[in-house]
Every structure is written in C-alpha cells, then in structure tokens.
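# A closer look at the structure
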Amino acid sequence: MSDEATTDAASAPAAPAPPRVDVTKLLNEAASKSGLLWVRLPDGSTYPAWHVWHDDGDERGTGPAAYVVSGPGEQHLPWLPDEVELILRSKDTGGRLLTIHATTRVLEPGTDAWEQAAAVLRPERLNAPGSAEEVLERWRAHNTLHVLTPHGRPGEQPGHHGTSSGAAPVRPAAPATARWRPWHWRGRAGARRNTPDEPSTPPSDGG
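Sequence positions are assigned chain by chain, starting from 1 and proceeding in written order. Local features are withheld for residues below a pLDDT of 70 in this predicted model, meaning they are given only at 70 or higher, and side-chain atom pairs are given and counted only at 80 or more; totals for whole chains, interfaces and linings count all residues. As a rule here, side-chain values come from all non-hydrogen atoms in the structure, and water together with hydrogens is ignored.

## As for the environment of G130
Put simply, the rule reads: Secondary structure elements follow DSSP: runs of H or I of four or more residues count as helices, runs of E of two or more count as strands, with numbering from the N terminus. When a residue's accessible area, from a 1.4 Å probe over protein chains only, is under 20% of the maximum for its type it is buried; when over 50% it is exposed; and in between it is partly exposed.
By the secondary structure assignment, G130 is in the loop between α3 (112–121) and α4 (132–142). For G130, a relative accessible area of 42% corresponds to the partly exposed category.

So this is what it looks like as structure tokens:
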C-alpha cells in the first residue's frame, strides 16, 4: 500500500457508533404494547404467556413487572423456578426484540399482593366466563398468579441478537385412542371448529 493510500485510510472518518439503547424504556414499551411474552426455563423449554405489564407509576402494584395467571380455565404454564428468561417481541415486526432475566414469585390468595395482582389482571382478561367476582373466586380456588420481575442486563437487545432463529421443536401430543365413530349429517353437535392454536414458538430475530 502506498503512503498516499495509507494517509487516506488514516484520515477517513470512523464509522459512527451505534446509538445507545435505553433498556428500561425499551422494556416498558415492549412489555406494555404487547400482551404476549415468552418464558424460557433453564432447560431451554419456552412457553408463551399472556400477561399484564405495569411500571413504577402503577398504583395497583410494585413494578416494573409482569403479572401472569395460569391453571384450569386459563393458560397452561409449568412450575416456574425462581429464575427464568423473558423473551419480548416487537409489536411492529413480531420479531424478537429483547431477552432479559427475571425472578418469579407466586402470590398467595388472601394476601394484599394477590389482590393487587388480581386487580391488574381481571380488567384485561377479556371474555372470561362469569362475573368479575366469579372469576376472582375461581382464581383463588384453582389458579396461580405469578409476578415476573425483570432484572440485570439484557441478553439480547436491538443490535445485539443471537444468530439462532429461536425456534423450538414441537412437543408431541399425548397419545390418543383411535376408534371408529359413526358419521353424522352436518357433523357432531358441540364439535369445536376453527379454534386457534396457541403459539408455542418464540419470535425469531425478525428485526
């Protein structure tokens, strides 16, 4: 390389540094604008979870955190360990936006914390069968309310995503007994049709 070329390379302007990301603001925006996140357990298994997010300004609870209800009549979640990862998606692209660690805490029915969480969750639980009080009684008797509290530095954020797609293998369904069933005109009464499947794969790095 000539001296002139070396001088030109040395005098070329450096590439601008990527803008710094306000992780707190990004987390609040991603978690509040989408009602769905993914919970990743230490063994790598991942579960979609409907949630309600609230920040420090929400008088109904201690934030920032996500409230989640699961169990009979609600979404399915396995037993959650003390530490999990949360995967949040971009509402605009549907792609993976942020991955961050979170602590989990089970709320006990009858406590102030449980009542505060239920007050946050119940208005957002659309199409729940029964009155508001009936839903709360069902939750007290049969369901689990979790608080998922993010902490630490994100594992992934805009400009710093992993190269994997994040796709998870489909878990085989439980075996079913196949047997002959008589044909019915216009189908069977009460048959469920056009029931949407719950997503089981976390969002890929879609930008």
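What follows picks up the thread again.
## Observations regarding the pattern of salt bridges
Just so we agree on the cut-off: What makes a salt bridge here is a side-chain nitrogen of Lys or Arg within 4 Å of a carboxyl oxygen of Asp or Glu, nothing more.
Taken as a whole and judged by the stated rule, the model has five salt bridges. R40 serves as the salt-bridge partner of E85, at 3.1 Å between the closest nitrogen and oxygen. On the criterion of sequence distance, the pair formed by E85 in strand β5 (residues 83–89) and R40 in strand β1 (residues 36–40) is long-range, its members being 45 residues apart. Among the ionic pairs, R140 bridges to E137, the shortest N-O distance being 2.8 Å. One end of the pair, R140, and the other, E137, are both in helix α4, three residues apart, so they sit about a helical turn from each other. Taking relative accessible area as the criterion, R140 reaches 26% and is therefore assigned partly exposed. Taken together, the salt bridges that share partners define one network made up of E115, E133, E137 and R140.

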